[in-house]
Amino acid sequence: MASGAPQQSSQMAEETPGFLDAFLCDFPAPLSPESPLPWNAPGTVLSQEEVEGELAELAMGFLNSRNAPLPLASSLAHEAVSQLLQMDLSEFRKLPRQEEEDTEEEEKEKAPVTLLDAKGLARSFFNRLWEVCSQWQKQVPSTARAPQQQWLVSIHAIRNTRRKMEDRHVCLPTFNQLFGLSDPVDRAYFAVFDGHGGVDAAKYAAVHVHANTARQPELPTDPAGALREAFRHTDEMFLLKAKRERLQSGTTGVCALITGKTLHVAWLGDSQVILVQQGQVVKLMEPHKPEHQEEKERIEALGGFVSHMDCWRVNGTLAVSRAIGDIFQKPYVSGEADAASRELTGSEDYLLLACDGFFDVVPHQEVAGLVWSHLVRQQGSGLQVAEELVAAARERGSHDNITVMVVFLRDPQDLLEAEAQGANGKSRDLPSDLSKPENNTPQRS
């Protein structure tokens, strides 16, 4: 997803025909059965429930890599996915392996999961996408050109000293267009997932939590409830995948869904989101940690225990008390998320979402000062503020993967000017040796 200011609608209107022309020049015809796929299939098999999220992610990654305008990419992905889901997918059905049938008795009582050939689906899906591009080359629907609210988002993520990068993040300002929501409420979705024991769970959550959120019937009336249910259902879906594929990983997560003038946040584990309003940190949530009394009592009531080794751990193993996945620690490690909502007044500065690799070493109350200092040095440019925050966490001794996402709710230049005036109306002196802002271009993540 794009990190930085979105394109103006006039610029996008100019780029859309050019993108479609270039795409159809590179792919003048649908793929034949012998043609190589232009993208990697999302695994070997997909369940019916996984198809929408996985193919939408496949299309968005491919279209973004070709610099498609984000509203166009989201609308193309939605239309192609919708057309594919209207097809009879029985031709892609695959029989499970024998070992996948050897499940526990209670699993046998449940309806069997229909598995579909991912590679065959990916090929058919590309041809649906090609057909949509061909149709839209003649006339682009107004929904694909609709101007969106502009968001400035700064994102930075590093592996740090860990052997693998197990964090994932999502920046989706075109939530409505990706899922074909046509009501008048603007929606934007942002999330950070911090995996452990492998990247599979974090990668899965970064594909399916927002897709499951969009499918919840209560989304228009109870967005926070929709987020909670999306976390729960994504956990349920991943546990089935983990059984099929013998996966043991898990992931904490935090997300923010902005619907019109209301902020909704949901979280599972110790990834966190904070709000900064007029230079002051506003606490939105309480992270789930094993040592917290409520979590400890819940785990012990289930027959588990919390003990301290190098840190507080559930059953002497995991240092998180709630997560998607962690199949061998269910139900002690819960997949039930918490959520909260808050009305936005227009005086909010920004949201900061990050994993514990950041928050374990940078206290909440220091965030506003670090961001302010960066904006001063960069003369109001916020594009690289996440990179500076990640560097601060690393300098303070974090060895974990670190992901930071800053979602500005007001123009950083306005924040700088308002802060300089000070709450009491007195002018706040700015350093005289301000360096010129770096010439940063929006990055893709």
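Our subject is the structure listed above.
What you are looking at is a predicted structure, and each value in this text was computed from that prediction instead of being measured.

### Focus: the overall build of the protein chain
Phase 1 of the analysis: Per the secondary structure count, the protein chain includes 15 helices and 18 strands.
Phase 2 of the analysis: When burial is assessed residue by residue, the protein chain has 53% of its 445 residues classed as buried.
Phase 3 of the analysis: Restricting the contact set of the protein chain to residue pairs at least 6 apart, pairs at least 24 apart contribute 73%.
Phase 4 of the analysis: As presented, the protein chain carries roughly 20300 Å² of accessible surface, and 48% of it is formed by carbon and sulfur atoms.

### Considerations on helix 9 (residues 200–215)
Phase 1 of the analysis: Look at helix 9: 22 Å from first C-alpha to last across 16 residues, which is about the 22 Å you get at 1.5 Å a residue.
Phase 2 of the analysis: The largest bend along helix 9 measures about 30 degrees and falls at A206.
Phase 3 of the analysis: The buried count for helix 9 comes to 13 of 16 residues, which makes it a mostly enclosed element.

### Focus: helix 15 (residues 412–421)
Phase 1 of the analysis: Along helix 15, the positions that sit buried rather than exposed are P412, L415, L416 and A420. For helix 15, the arc enclosing every buried residue in end-on projection is 130 degrees, short of the 170-degree limit, so these residues lie on one face.
Phase 2 of the analysis: Measuring from the backbone nitrogen of Q413 back to the side-chain oxygen at the start of helix 15 gives 2.8 Å, which picks out D411 as the cap.

### What about the sheet that holds strand 5 (residues 152–158)?
Phase 1 of the analysis: As summarised here, the arrangement of the 5 strands in space is 5-17-16-10-11, forming an open sheet in which the pairing is antiparallel. The sheet is open, and its two borders are formed by strand 5 and strand 11 (280–283), each paired with just one other strand. The average undirected angle you get between the axes of adjacent strands in this sheet is 20 degrees.
Phase 2 of the analysis: Relative to strand 11, strand 10 (residues 272–277) runs antiparallel, the two sharing 4 bridges. In the strand pairing of strand 11, V276 is matched with V281.

### Some details on the packing of aromatic side chains
Phase 1 of the analysis: Enumeration over the complete set of coordinates arrives at 17 aromatic pairs.
Phase 2 of the analysis: Judged by centre distance (5.2 Å) and plane angle (80 degrees), the ring pair of W39 and F62 falls under edge-to-face. A residue pair is termed long-range when its members are at least 10 positions apart, and W39 in the loop between helix 1 (9–26) and strand 2 (45–47) and F62 in helix 2 (residues 51–65) qualify at 23 residues. Residues W39 and F62 agree in their burial class; the two are buried.
Phase 3 of the analysis: An aromatic cluster is built from F19, F23, F27, W39, F62, F125 and F126, whose rings are joined through pairwise contacts.

### Some thoughts on the sheet that holds strand 2
Phase 1 of the analysis: Overall, antiparallel pairing links the 3 strands, which are arranged 2-4-3 in an open sheet. One side of each edge strand has no neighbouring strand; the edge strands of this open sheet are strand 2 and strand 3 (93–94).
Phase 2 of the analysis: Relative to strand 4 (residues 115–117), strand 2 runs antiparallel, the two being bridged by 3 bridges. Counterpart to L46 in the pairing with strand 4 is L116.
Phase 3 of the analysis: Contacts from helix 6 (residues 118–138) reach strand 2 and strand 4 within the one sheet, and its direction differs from that of strand 4 by about 60 degrees.

### Some thoughts on unusual backbone geometry
Phase 1 of the analysis: That bond from K330 to P331 is cis: its omega, 5 degrees, falls within 30 degrees of zero.
Phase 2 of the analysis: Relative to the elements of secondary structure, P331 occurs in the loop between strand 14 (324–325) and strand 15 (338–343).
Phase 3 of the analysis: With a phi close to 65 degrees, N160 is a non-glycine residue in the positive phi region.
Phase 4 of the analysis: Its place among the elements puts N160 in the loop between strand 5 and strand 6 (167–172).
Phase 5 of the analysis: Of note in this structure, Q278 is not a glycine but carries a positive phi near 50 degrees.
Phase 6 of the analysis: Tracing the sequence through the fold places Q278 in the loop between strand 10 and strand 11.

### Details of the environment of R145
Phase 1 of the analysis: For R145, the location among the structural elements is in helix 7 (residues 142–145).
Phase 2 of the analysis: Residue R145 is classed as partly exposed on the basis of its relative accessible area, which comes to 36%.
Phase 3 of the analysis: Considered as a pair, R145 and P69 are 76 residues apart in the sequence and their alpha carbons are 9.3 Å apart.

Rules used throughout
- Residues numbered from 1 in each chain as written.
- Predicted model: local features only at pLDDT ≥ 70, side-chain atom pairs only at ≥ 80, totals over all residues.
- Heavy atoms only, no water.
- Helix = DSSP H or I, 4+ residues; strand = E, 2+ residues; numbered from the N terminus.
- Buried < 20%, exposed > 50% of the residue type's maximum accessible area, 1.4 Å probe, protein only.
- Contact = heavy atoms within 4.5 Å.
- Areas by Shrake-Rupley, 256 points an atom, 1.4 Å probe, with all protein chains shown as cover.
- Expected span 1.5 Å × (residues − 1).
- Bend = angle between axes of the 7 residues up to and from the residue.
- Arc of directions from axis to C-beta.
- Polar contact = N/O pair within 3.5 Å; in protein donor to acceptor, adjacent residues only side chain to side chain.
- Pairing = 2+ DSSP bridges.
- Axes fitted to C-alpha atoms, helices over the stretch in contact; angles between N-to-C directions.
- Phe/Tyr/Trp six-rings, centres within 6.5 Å; stacked < 30°, edge-to-face > 60°.

Nothing here speaks to function; it is geometry throughout.
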